[in-house]
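# Structural description and commentary
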Amino acid sequence: MTSHQAVPTLDDVAKAAGVSPATVSRSLNSPGLVSKSTLKRVKSAVDALGYTPHFGARFMSAKRTMTIGAIIPTMENAIFAKGIQAFQERLHSLGYTLLISSSSYDPEIEAEQVRALASRGADGILLIGYWREERVYEFLKQRNIPFLLAWAFAANNALPAIGFDNRASMYQLCDRVLAMGHRKVAVISGITEGNDRATNRLKGITERLKVEGIDLASVPIIETPYDIDNGADAFERLMRLSDRPSIVMCGNDVLAVGAMQRAQEMGIKVPDDVSITGFDGIELARVVTPKLTTVRVPHSEMGRRAADELVRMVESGDVGRSQELPSEIVVEKSIASLV
């Protein structure tokens, strides 16, 4: 007859660690509130006993599951990687677990994922950008699920968001481009439909060009999904125009790197023959040759602040507080001065 070992309890962990059950609970749920020595003893006892917290019981008593959901548009490239990593690390330090999914830029899929996270008891949800159907926001409000937006900030929008001003950031980059003498500007943009980040980045360029007196009808603009190959194909189309641009401004670094690769394949020198800029400041921008001129986004800081704010909303029941973070123009050798 086989004997079964009893499942270890919270009290067992407390006895093994020489602390109270309340201290064990605090160590597991809010490790930042426990001294390092105590936390080490509790973790050692947990590992030795093979203890697993009873999340169902915790949910019943605390009305929380200690999980946070996040829905990002894509996992296919590094656009969101650094920010989400920082978001997850800060959540972990606060005692929360991250559930993450990708919508593939499809609003219907995102709406389904919001409902799925809600059904799994997510205490709060992080969403990217402002644009989605109002029914999604109404669902979250009806279910009383705190939500926070990231990767965007609009001072005139009441929804809680922690991010940067996409329009203003790209406006500033375009201002630098014009100051360097470029007037024949072309754009490779992400798909703007349903994407406020792509839309506002494109607005930043066109609004600055309009101020400069440049006829927007003369500005070639190609919208394409964020992908290196798509950026490459769009660049080739622009370079086959009878009147080539002196600079190609891309909606993000992924598109820009694709453009730079195709330039090399076509024997077009960057920046001698054409300049290229990106947006996001991801690692990819620093490893290509020449290094990419871009807008550096505060990914890690945004992720950490988003975690802090969303947890504060969950635990306090307060409304979210928006925060605007600064971006930075980084001028590298992918752009040439014409003055």
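The text that follows walks through the structure, step by step, so that each part is easy to find.

Conventions we followed
- Residues numbered from 1 in each chain as written.
- Predicted model: local features only at pLDDT ≥ 70, side-chain atom pairs only at ≥ 80, totals over all residues.
- Heavy atoms only, no water.
- Helix = DSSP H or I, 4+ residues; strand = E, 2+ residues; numbered from the N terminus.
- Contact = heavy atoms within 4.5 Å.
- Areas by Shrake-Rupley, 256 points an atom, 1.4 Å probe, with all protein chains shown as cover.
- Lys, Arg positive; Asp, Glu negative; His and termini not counted.
- Charge placed at Lys NZ, Arg CZ, Asp CG, Glu CD.
- Polar contact = N/O pair within 3.5 Å; in protein donor to acceptor, adjacent residues only side chain to side chain.
- Salt bridge = Lys/Arg side-chain N within 4 Å of Asp/Glu carboxyl O.
- Buried < 20%, exposed > 50% of the residue type's maximum accessible area, 1.4 Å probe, protein only.
- Pairing = 2+ DSSP bridges.
- Right-handed = clockwise from strand over helix to strand, strands pointing away.
- Axes fitted to C-alpha atoms, helices over the stretch in contact; angles between N-to-C directions.
- Parallel < 35°, antiparallel > 145°, perpendicular 65-115°, else oblique.
- Nonpolar A, V, L, I, M, F, W, Y, C, P; charged D, E, K, R; others polar.
- Phe/Tyr/Trp six-rings, centres within 6.5 Å; stacked < 30°, edge-to-face > 60°.
- Core = buried A, V, L, I, M, F, W, Y, C linked by side-chain atoms within 4.5 Å.
- Expected span 1.5 Å × (residues − 1).

### Points about the overall build of the chain
- Along its length, the chain carries 13 helices and twelve strands.
- Overall, the C-alpha framework of the chain stretches about 85 × 40 × 40 Å when taken along its three principal axes.
- Considering only residue pairs separated by 6 or more positions, the chain has 70% of its internal contacts joining residues 24 or more positions apart.
- Split by element, the accessible area of the chain, about 16600 Å² in all, is 51% carbon and sulfur.
- A gap of 6 Å separates the mean positions of the 39 positive and 40 negative side-chain charges of the chain.

### Observations regarding the side chain of Thr74
- In this fold, Thr74 is placed in the loop between strand S1 (67–72) and helix H5 (81–93).
- At 3.0 Å, the side chain of Thr74 and the backbone nitrogen of Glu76 are in polar contact.
- Setting aside its immediate chain neighbours within four residues, Thr74 contacts Phe80, Ser102 and Tyr105.

### Some words on the pattern of salt bridges
- Per the stated rule, a full pass over the model turns up 23 salt bridges.
- Across the pair Glu110 and Arg132 runs a salt bridge whose closest N-O atoms are separated by 2.9 Å. With Glu110 in helix H6 (residues 107–119) and Arg132 in the loop between strand S3 (124–128) and helix H7 (134–142), this pair connects stretches of sequence that are 22 residues apart.
- The exposure class assigned to Arg132 is buried, which follows from its relative accessible area of 13%.
- Between Arg167 and Glu207 there is a salt bridge, with the nearest N and O atoms lying 3.1 Å from each other.

### Digging into the pairing of strand S2 (residues 97–102)
- Judged from the six bridges that link them, S1 and S2 form a sheet pairing that is parallel. Within S2, the residue paired with Ile72 across the bridge is Ser102.
- Following the chain from S1 across H5 to the adjacent parallel S2, one finds a crossover that is right-handed.

### Overview of the environment of Glu236
- Summarising the element assignment, Glu236 is placed in helix H10 (residues 228–239).
- Between the C-alpha atoms of Glu236 and Pro271, which are 35 residues apart in sequence, the distance is 16 Å.
- Aside from chain neighbours lying at most four places away, what touches Glu236 is Arg262 and Met266.

### Looking at the packing of helix H2 (residues 21–29) against helix H3 (residues 36–49)
- Running from N to C, H2 and H3 point in directions that differ by 90°, and their axes come no closer than 10 Å. Considering their axes alone, H2 and H3 lie roughly perpendicular with respect to each other. Together, Thr23, Val24, Ser27 and Leu28 of H2 and Thr38, Leu39, Val42 and Val46 of H3 make up the contact between the two elements.
- In the contact of H2 with H3, the residues fall into five nonpolar, three polar and no charged.

### So, the packing of aromatic side chains
- The full count for this structure, using the stated rule, is four aromatic pairs.
- Ring centres 5.4 Å apart and planes at 35° place the aromatic pair Tyr137 and Phe147 in the tilted group. Of this pair, Tyr137 sits in helix H7 while Phe147 sits in strand S4 (residues 147–150), and the two are ten residues apart along the sequence. Here the two residues Tyr137 and Phe147 agree in accessibility, since each one is buried.
- Between Phe164 and Phe279, the ring centres sit 6.2 Å apart and the planes meet at 35°, which makes this aromatic pair tilted. Here Phe164 is found in the loop between strand S5 (161–163) and helix H8 (166–179), whereas its partner Phe279 is found in the loop between strand S9 (275–277) and helix H12 (284–287), with 115 residues between them in sequence. Pair check on accessibility: Phe164 and Phe279 agree, each one buried.

### What about the nonpolar core?
- Ranked by size, the top nonpolar core spans 72 residues in total, and within it Phe87, Leu126, Ile188, Phe235, Val248, Met249 and Ile276 carry the most contacts.
- Once residues lying within four places of it in the same chain are set aside, the contact partners of Met249 are Met170, Leu173, Cys174, Val177, Val185, Ala186, Val187, Ile188, Ile205 and Thr277.
- Counting 19 residues, the second-largest nonpolar core is a separate cluster that includes Val114, Leu117, Leu127 and Leu140.

### Observations regarding helix H11 (residues 253–265)
- The terminal C-alpha atoms of H11, which comprises 13 residues, lie 18 Å apart, in line with the 18 Å expected from a rise of 1.5 Å per residue.
- Of the residues making up H11, those classed as buried are Asp253, Val254, Leu255, Ala256, Val257, Gly258, Ala259, Met260, Arg262 and Ala263.
- Residues of H11 that are buried in the fold lie against strand S6 (185–189), H10, strand S8 (247–250), S9, H12 and strand S10 (294–296).
- In this structure Asn252 caps H11, since a side-chain oxygen of it lies 3.2 Å from the backbone nitrogen of Val254.
- Of the residues one or two after H11, Gly267 is the one with positive phi, at around 75°.

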